[in-house]
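As a plain string of letters, each chain reads:
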Amino acid sequence: MKQPLSLTWELESIFPGGSASPQFESFLDRLASDIENLRGQVAAATAPAELAATKALDSVIELLQSCAGRLTQAAEFTGCLGAQNQLDKGAVRLSSKVTGLRAGYEGISSAFDNVLRQTPDAVWTEWMARPEIAPLSFVLSESRDLAREKMSPELESLALELAVDGYHGWSEHYETIVGGIQIPFEDGEGLKLLSAGQAFNKLADENPEVRSTMFRKWEEAWGGAADYCADTLNHLAGFRLKLYKGRGWEDVLKEPLGINRMSRETLDVMWEVITKSKPALVSYLKRKAEILGLESLAWVDVDAPVGKSSGKIPYEQAADDIVTQFRKFSPKLADFAERAFDKDWIEVEDRAAKRPGGFCVSFPESKESRIFMTYSGTPSNVSTLAHELGHAYHSFLLEDQPLFNQNYAMNVAETASTFAEVIVSDAQVKSAGDSEEKLALLEAKIQNSVAFFMNIHARFLFETRFYEKRKAGLVSSEELSALMEEAQKEAFCGVLSEYHPHFWASKLHFYITDVPFYNFPYTVGYMFSTGLYRLALQEGASFADKYDSLLQDTGVMTLENLVSKHLGVDLSKPDFWQGAADLIVADINEFLEMTQQRS
């Protein structure tokens, strides 16, 4: 890899000039023109009554894919601009324009789905068998089936148009709220005003006083914004519920489960296995409290480090370590990661005005990815970096497939990322220089289990209950905080002394409109990837090719069929999930054994 590595990403090769890019404006103008052309083609399209008539729709399907790819390219570009600088008003304007184009496209796509819906079954079977269409048969059949469960095309199109300034507008409003959050923090350099992203990193500081002080200020800041956040969350949920009612959908999980291409049975079995495994996590949290000299952990102590790592990890060292560990599993994965570092695809600089959190986006037109995070040199940061590189690798494996087949669900998206993270975190533990460092790294690894088994579970419980309560009317900020604390107490088995009632306000995931219930897919991905890692340990080097093949099928199968084909496993049974949980419990047992003399 080149040295030194850039701390900021390179966006000029995507569209030069940032939010003032004339090339991007031209790109959007051409896209808008093509969407209007597509509108005319779809309006003139009719359901084919015989196989010969299906060929006339080939060009429509091709243009649908082309416009979808360019919309993704545009949306990810504006998202990157807004994330790197939340004060970039030009990015906000462009994002709104792209959202409008997407709504228009979705309305057209919905109308085309009606053509699919009206196609006779006999013609459909022959159509999907045509060599030119067969690769898209899963996605097209999925769209056809969903269209049969929705409102009329006219009403669906109207709902999509209203969503621009309603549903999506409220999501954008939340970004404005976050951009205005400033939290005072005093260190050796004096008093500073930290952005939400910078303040969040302080919540995991090694110094308990820093953590505690920041948590009070964090709660206070989000408490001050709580009524605005409550308005936003209520209107987002209200829009969804009205839409579901119009479609005749009673279960609020119907859409997220469909999007994630998995069954309720699989989800329930996974949560059951997790719940049975929680006593081990409770033992871990109690031991951690003893080590920290506390009667019990508060929310802000859950991520507090135990043991002493070898200090801050320089970014270049983190990059080298990640590539080295990736190469032990798959040279192909390692080569891809090197490319991402060398091409400056990664934004890690710690500065004001950046959005909090981390993400990976892929540009289908450019066949490139970009990774966003704030790197401060902690083992957790290294894990996040590996995690996002896993996302990028997944997209890389799919980049030559038809655009429709690149649209994999969030749960399997989290599989690739979490698998990459586990590769690195497991290697960190095994190669630790001394027992203190090993303990710190092992504990950081277990913290992920707490996050996915308890924190994410709390989010799932909260959001499920909030939606049921929202059916009866608006839910106040005070009620939301009470629901959040209740869910946290249940998910953490009551083991904490203090919780985070305004978590619902501070967590972006509750306000994302692209994917409803942006929570349980994380845990599915974590458990699935852990189960895959268990198989990788058993099978050795030959597993890498099987892993790639599985990822390449993620856009064209349900989760259950994907796993049945590549692993011969039934996910509706607890065996696979229990195998993953057993690996996690083994880490906890090792931690308890290592710390027995400290309690």
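Source: prediction; values computed, not measured. (Residues numbered from 1 in each chain as written. Predicted model: local features only at pLDDT ≥ 70, side-chain atom pairs only at ≥ 80, totals over all residues. Heavy atoms only, no water.)

**Description of the overall build of the protein chain**
Inclusion rule: Helix numbers and strand numbers start at the N terminus; a helix is a DSSP run of H or I with at least 4 residues, a strand a run of E with at least 2. Atoms considered for the radius of gyration are the C-alpha atoms alone. The globule rule reads 2.2 Å times the number of residues to the power 0.38. Each residue is placed in one exposure class: buried if its accessible area under a 1.4 Å probe, protein chains only, is under 20% of its type's maximum, exposed if it is over 50%, and partly exposed if it falls in between. Only the protein chains shown count as cover for residues, with accessible areas throughout obtained via the Shrake-Rupley method and a probe of 1.4 Å. Counted as positive: Lys and Arg. Counted as negative: Asp and Glu, with His and the chain ends omitted from the count. All charge positions are set by atom: Lys at NZ, Arg at CZ, Asp at CG, Glu at CD.
The secondary structure content of the protein chain amounts to 24 helices and five strands. The C-alpha atoms of the protein chain give a radius of gyration of 24 Å, which matches the 25 Å a tight globule of 599 residues would have. Dimensions of the protein chain along its principal axes, counting C-alpha atoms only, are 75 × 50 × 50 Å. Counting over 599 residues, the protein chain shows a buried share of 55%. In the form shown here, the protein chain has an accessible surface area of approximately 24500 Å², with 50% of it arising from carbon and sulfur atoms. Taking the 58 positively charged and 87 negatively charged side chains of the protein chain as two groups, their mean positions are separated by 1 Å.

**Considerations on helix H22 (residues 543–552)**
Filter applied, for reference: Note: the arc covers the axis-to-C-beta directions of the helix. Note on contacts: a residue pair is in contact if any heavy atoms of the two residues lie within 4.5 Å.
Of all the residues in H22, the buried ones are Phe-543, Ala-544, Tyr-547, Asp-548, Leu-550 and Leu-551. The buried residues of H22 all sit within an arc of 160° when viewed along its axis, so they share a single face. Buried residues along H22 sit in contact with helix H14 (315–329), helix H15 (331–342), helix H16 (379–398), helix H17 (410–430), helix H21 (520–539) and helix H23 (559–567).

**Section: the sheet that holds strand E4 (residues 359–363)**
Keep this limit in mind: DSSP-based pairing: two strands are paired if at least 2 bridges between them are found.
Spatial ordering of the open sheet is given by E3-E5-E4, a layout of three strands whose pairing is mixed. Each edge of the sheet is formed by a strand with only one pairing partner; in this case those strands are strand E3 (346–347) and E4. Inspection of the sheet shows E4 paired to strand E5 (residues 368–372) by five bridges, in the antiparallel sense. Bridged to Phe-359 within E5 is Phe-372.

**A word on the environment of Lys-565**
Inspection of the secondary structure puts Lys-565 in helix H23. On the accessibility criterion, Lys-565 (52% relative accessible area) is exposed. Counting along the chain gives 542 residues from Lys-565 to Gln-23, while the straight-line C-alpha distance between them is 44 Å. The residues contacting Lys-565, other than those within four sequence positions of it, are Asp-553 and Met-557.

**Looking at the nonpolar core**
What counts is decided by this rule: Residues belong to one nonpolar core when they are buried, are Ala, Val, Leu, Ile, Met, Phe, Trp, Tyr or Cys, and are joined through side-chain atoms within 4.5 Å.
In this structure, Phe-326, Phe-492 and Trp-504 are the most contacted members of the largest nonpolar core, which totals 154 residues. Among the elements that take part in this core, helix H18 (residues 435–470) stands out by supplying 15 residues, more than any other. Discounting chain neighbours no more than four positions away, the residues touching Phe-492 are Leu-285, Trp-299, Val-302, Val-450, Met-454, Asn-455 and Tyr-499.

**Some thoughts on a nonpolar patch on the surface**
Convention followed: Only residues above 30% relative accessible area that lack a salt bridge enter a patch, with like-charged residues linked at up to 9 Å and the nonpolar side chains Val, Leu, Ile, Met, Phe, Trp and Tyr linked at up to 5 Å. Should a side-chain nitrogen of Lys or Arg be within 4 Å of a carboxyl oxygen of Asp or Glu, the pair is scored as a salt bridge.
Together, Leu-155, Leu-158 and Leu-162 give the surface a local cluster of nonpolar side chains, amounting to about 280 Å² of exposed area. Positionally, Leu-162 belongs in helix H7 (residues 153–165).

**Looking at H14**
To be explicit about the condition: Given the number of residues in a helix, its expected span is that number minus one, multiplied by 1.5 Å.
For H14, built from 15 residues, the straight-helix expectation of 21 Å at 1.5 Å per residue is met to within 8% by its first-to-last C-alpha distance of 22 Å. Buried residues of H14: Tyr-315, Ala-318, Ala-319, Ile-322, Val-323, Gln-325, Phe-326 and Phe-329, and no others. The secondary structure elements touched by the buried residues of H14 are H15, E3, H16, H17, H21 and H22.

**Quick look at the side chain of Thr-415**
Examined against the element boundaries, Thr-415 turns out to sit in helix H17. Given the relative accessible area of 1%, Thr-415 is considered buried.

**A look at the pattern of salt bridges**
Taken as a whole and assessed by the stated rule, the structure comprises 40 salt bridges. Close ionic contact of Asp-335 with Arg-327 constitutes a salt bridge, the shortest N to O distance being 3.1 Å. A salt bridge links Lys-565 to Asp-553, with the nearest nitrogen and oxygen atoms 2.8 Å apart. Of this pair, Lys-565 sits in helix H23 while Asp-553 sits in the loop between H22 and H23; the two residues are 12 residues apart in sequence, bridging distant segments of the chain. The exposure class of Asp-553 is buried, given its relative accessible area of 15%. One salt-bridge network, held together by shared partners, links Glu-25, Asp-29, Arg-93 and Lys-97.

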